[in-house]
Amino acid sequence: MAPEVLKSSAVQFLQLSSAGRVDDAYALVAADFRHHNPFFASTASALKAAMEDNALQNPDKIFEVRQTIAEGQMVAVHSKIQMPSKAITVSVVHIFRFESGQISELWDVGQPQPTEMPNELGMF
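Residues numbered from 1 in each chain as written. Predicted model: local features only at pLDDT ≥ 70, side-chain atom pairs only at ≥ 80, totals over all residues. Heavy atoms only, no water.

Caption draft 1: Broad picture of the overall build of the chain. Assigned secondary structure in the chain consists of 3 helices and 5 strands. Against the globule reference of 14 Å for 124 residues, the chain gives a C-alpha radius of gyration of 15 Å, in line with a compact fold. On the principal axes, the C-alpha backbone points of the chain span a range of 45 × 30 × 25 Å. A burial count over the chain gives 38% of its 124 residues as buried. Surface accessibility of the chain: about 7200 Å² in total, with carbon and sulfur atoms responsible for 54%. Side-chain charges of the chain comprise 9 positive and 14 negative groups, with the mean position of each set lying 2 Å from the other. (Helix = DSSP H or I, 4+ residues; strand = E, 2+ residues; numbered from the N terminus. Rg over C-alpha atoms; globule rule 2.2 N^0.38 Å. Buried < 20%, exposed > 50% of the residue type's maximum accessible area, 1.4 Å probe, protein only. Areas by Shrake-Rupley, 256 points an atom, 1.4 Å probe, with all protein chains shown as cover. Lys, Arg positive; Asp, Glu negative; His and termini not counted. Charge placed at Lys NZ, Arg CZ, Asp CG, Glu CD.)

Caption draft 2: The nonpolar core, seen in detail. Phe13, Tyr26, Phe96 and Ile103 are the most contacted members of the largest nonpolar core, which has 25 residues in total. At the level of secondary structure, the elements contributing two or more residues to this core comprise helix 1 (3-18), helix 2 (22-25), strand 1 (29-35), helix 3 (44-57), strand 3 (74-83), strand 4 (88-99) and strand 5 (102-112). Once you skip the residues sitting within four places of it in the chain, phenylalanine 13 turns out to touch Ala25, Tyr26, Leu28, Val29, Met51, Phe96, Ile103 and Leu106. (Core = buried A, V, L, I, M, F, W, Y, C linked by side-chain atoms within 4.5 Å. Contact = heavy atoms within 4.5 Å.)

Caption draft 3: Just the side chain of histidine 94, in detail. Of note, histidine 94 is situated in strand 4. Those residues in contact with histidine 94, other than ones at most four positions away along the chain, are Leu14, Val75, Ala76, Val77, Leu106, Trp107 and Asp108.

Caption draft 4: Structural detail: the packing of aromatic side chains. Applying the stated criterion across every chain yields a total of 4 aromatic pairs. Ring geometry for tyrosine 26 and phenylalanine 33: centres 6.0 Å apart, planes at 80°, overall edge-to-face. For tyrosine 26, a relative accessible area of 12% puts it in the buried group. Through successive ring pairs, a cluster of aromatic residues spans Phe13, Tyr26, Phe33, Phe96 and Phe98. Positioned above the aromatic ring of phenylalanine 124 is the side chain of lysine 80, whose terminal nitrogen or guanidinium carbon lies 5.1 Å from the ring centre. (Phe/Tyr/Trp six-rings, centres within 6.5 Å; stacked < 30°, edge-to-face > 60°. Lys NZ or Arg CZ within 6 Å of the ring centre and 35° of its normal.)

Caption draft 5: Quick peek at the pattern of salt bridges. Evaluation of the coordinates by the stated rule reveals 7 salt bridges. A salt bridge links glutamate 99 to arginine 97, with the nearest nitrogen and oxygen atoms 2.6 Å apart. By relative accessible area, glutamate 99 is classed as partly exposed at 38%. Beyond isolated ion pairs, a larger network of salt bridges with shared partners links Arg34, Arg97, Glu99 and Glu105. (Salt bridge = Lys/Arg side-chain N within 4 Å of Asp/Glu carboxyl O.)

This is the structure we're talking about:
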């Protein structure tokens, strides 16, 4: 598939998940999907349950894509996630691997935005 199509699918997955539409997001996931988040078992069902729980706990979440990069069957999405009720902003990078147009593998890393930053450019 074309890189732009894969980027669009990756972003759609994240937008749906962030909006609490986790079932809709998982329509983009391959049957043999696995992920590498160290806080959950590697199965699709474990991550899905965690995403559903996160959506319930953070209904005011604001998800904003900042950058996307695609190469072959891999897509990286750099995002800004804000949770106003908790006064938290996080920079997150998700890396997707696609097979036959579906998400087959996912990695994610996040970094909370500190209150004070010596870097005048900030995280975004």
